[in-house]
Amino acid sequence: MARPIAKAVIPAAGLGMRLLPSTKSQPKEMLPVGRKPILQHVVEELQAAGLRQILIITGRRKRVIEDHFDPDAELVAALEQAGNEAALADLAYLGDRSRFFYTRQSTPKGLGHAISLGADFVASDDFVVALGDSLIVAEDPAAPLRAMMEAHRHLGASAVVAVEKVPQEEVFRYGIVSIDGAEPPPGEPVAMTDIVEKPAPGTAPTNLAVAARYVFSPAIFETLNRTTPDKRGEIQLTDAIRLLIHKGEPVYAWLLTRNQRRYDVGNFESYFRTFIDFALADERYGYLVRKYIKAKAYEL
Ligand code: G1P
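Structural notes, computed from the coordinates. Numbering of residues starts from 1 in every chain and runs along the sequence as written. Local features are withheld for residues below a pLDDT of 70 in this predicted model, meaning they are given only at 70 or higher, and side-chain atom pairs are given and counted only at 80 or more; totals for whole chains, interfaces and linings count all residues. To obtain the side-chain values, all non-hydrogen atoms of the structure were included, while hydrogens and water were left out.

Side note on the nonpolar core
- As used in this record, nonpolar core signifies buried Ala, Val, Leu, Ile, Met, Phe, Trp, Tyr and Cys residues forming a set joined through side-chain atoms within 4.5 Å. Only protein chains enter the calculation, and the probe is 1.4 Å; a residue is then buried if its accessible area is under 20% of its type maximum, exposed if over 50%, and partly exposed in between. Of all hydrophobic cores here, the largest spans 46 residues; its most connected members are Leu46, Leu51, Ile56 and Val128.
- The element best represented in this core is helix α1 (residues 38–48), accounting for five residues.
- The contact criterion used is simple: two residues touch if any of their non-hydrogen atoms lie within 4.5 Å. Setting aside chain neighbours within four positions, we find Val128 in contact with Ile5, Lys7, Ala8, Val9, Leu46, Leu51, Leu145, Met149, Tyr214 and Val215.
- Formed by 36 residues, the second largest nonpolar core is a distinct cluster that contains Phe127, Leu208, Leu224 and Leu255. Strands are runs of DSSP state E lasting at least 2 residues, helices are runs of H or I lasting at least 4, and numbering of each runs from the N terminus.

Next comes the structure, spelled out in structure tokens:
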């Protein structure tokens, strides 16, 4: 029987240009959403899905990421002395639930290139990719990945890719997939017949957008090596998945269910929206934010 998947790769090397000046010296993955940096939400999702070895692909100006995931005995001692139980509980993500590994993408050669830097870490194991600027919101945020890993194992897949429906006017921002049949059932794997990265307006085959979570077999590395750079000189993960499909490898799309949502923080509009939703849902402070927004709404 196949061993459970234990490894995950989080690409977090993007330059965050659309979030300047916030990202001038600070990685976009470390911007707070609610009370935690974005990347901590992603790491906690992976830990809850049972992933124990996490490789973060960083880059220049990203060193604070390593500090954030590094246990700090002095800080813990100070909190213990102060009897600050709440803050101590908030540091639980630093427990021994996972080991962190880091490597750097020193030139912006695209998402596919970033993933290819994980080849030595992954070796011959199946693995998860979770984009470091996208969050899954659900009662159980790890549920999609758990189900995708199970489908991957069960089907002997080369790739299982999370997708979500997006409005037609937004398809040009995403990887867009084609499937067998018209409408995929949510929460079930469906064979993917094609995939295209950021199709020009009016040319998208569907409105099923790649939703930042993937399960791969190591076969992806061989196709990444054979993927030619796009017109911006970047190697796209989407193009490598397309090669897998064209080789006849089993590749599946997995549609998020109605109660599972992906948030991204690629620009200020989506970042503000994400922050507000997380602040509203916060178990400690949400009621105060709700009160504030209700009062504020009268002024708008
Ligand atoms: C990346 C992927 C794209 C995917 C998107 C999801 O694009 O290339 O296929 O749909 O993430 O967030 P990016 O957002 O890096 O431009």
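Right, picking up where we left off after that structure.
A word on helix α9 (residues 237–246)
- Leu237, Thr238, Ala240, Ile241, Leu244 and Ile245 are the residues of α9 that are buried. The buried residues of α9 occupy an angular sector of 160° when the element is viewed end-on, so they sit on one face.
- Remark: Gly248 follows α9 within two positions and exhibits a positive phi of approximately 85°. Starting at the helix axis, one direction is taken to each C-beta atom, and the arc is that of these directions.

Digging into the site of the ligand
- Taken together, Leu111, Leu131, Ser134, Tyr174, Gly175, Glu197, Lys198, Val210, Thr238 and Arg262 make up all the residues around the ligand.
- At 2.9 Å, a backbone N or O of Val210 approaches an oxygen atom of the ligand.
- By the criterion applied in these results, polar contacts are pairs of N or O atoms within 3.5 Å in which, for protein atoms, one can donate a hydrogen and the other can accept it, and in which residues neighboring in sequence qualify only through two side-chain atoms. Here an oxygen atom of the ligand sits 3.1 Å away from a polar atom, N or O, in the side chain of Arg262.
- Only Asp, Glu, Lys and Arg are considered charged, only Ala, Val, Leu, Ile, Met, Phe, Trp, Tyr, Cys and Pro nonpolar, and every remaining residue, Gly among them, polar. Residues of the shell around the ligand, tallied by class, amount to four nonpolar, three polar and three charged. Throughout this document, a residue counts as near a molecule or strand when at least one of its heavy atoms sits within 4 Å of that molecule or strand.

Remarks on a positive patch on the surface
- Within this analysis, patches are made of residues with over 30% relative accessible area and no salt bridge. Like charges are joined at 9 Å or less; nonpolar side chains (Val, Leu, Ile, Met, Phe, Trp, Tyr) at 5 Å or less. The Shrake-Rupley method, run with a 1.4 Å probe, gives the accessible areas here. Residue values count only the displayed protein chains as cover. A side-chain nitrogen of Lys or Arg and a carboxyl oxygen of Asp or Glu constitute a salt bridge if their distance falls within 4 Å. Charged residues are defined narrowly, with Lys and Arg counted positive, Asp and Glu counted negative, and His plus the chain ends left uncounted. The atom standing in for a charge is NZ when the residue is Lys, CZ when it is Arg, CG when it is Asp and CD when it is Glu. Judged by side-chain charge, Lys24, Arg60, Arg61, Arg63 and Arg104 come together as a positively charged surface patch.
- The topology assignment puts Arg61 in the loop between β4 (53–58) and α2 (63–68).
- Overall, the relative accessible area of 52% leaves Arg61 in the exposed class.

Overview of the pattern of salt bridges
- Within the structure shown, the criterion is met by 23 salt bridges.
- Close ionic contact of Arg3 with Asp125 constitutes a salt bridge, the shortest N to O distance being 3.1 Å. Pair noted here: Arg3 is in the segment before β1 (7–11) and Asp125 is in the loop between α6 (119–122) and β6 (127–130), with a separation of 122 residues, a long-range link.
- Glu45 is the salt-bridge partner of Arg213, the closest N and O atoms lying 2.9 Å from each other. Here Glu45 lies in helix α1 and Arg213 lies in strand β11 (residues 208–216), a separation of 168 residues in the sequence.
- Overall, Glu45 belongs to the buried group, its relative accessible area being 4%.
- Look at the salt bridges and you will find they share partners, linking Arg35, Asp90, Asp282 and Arg284 into a network.

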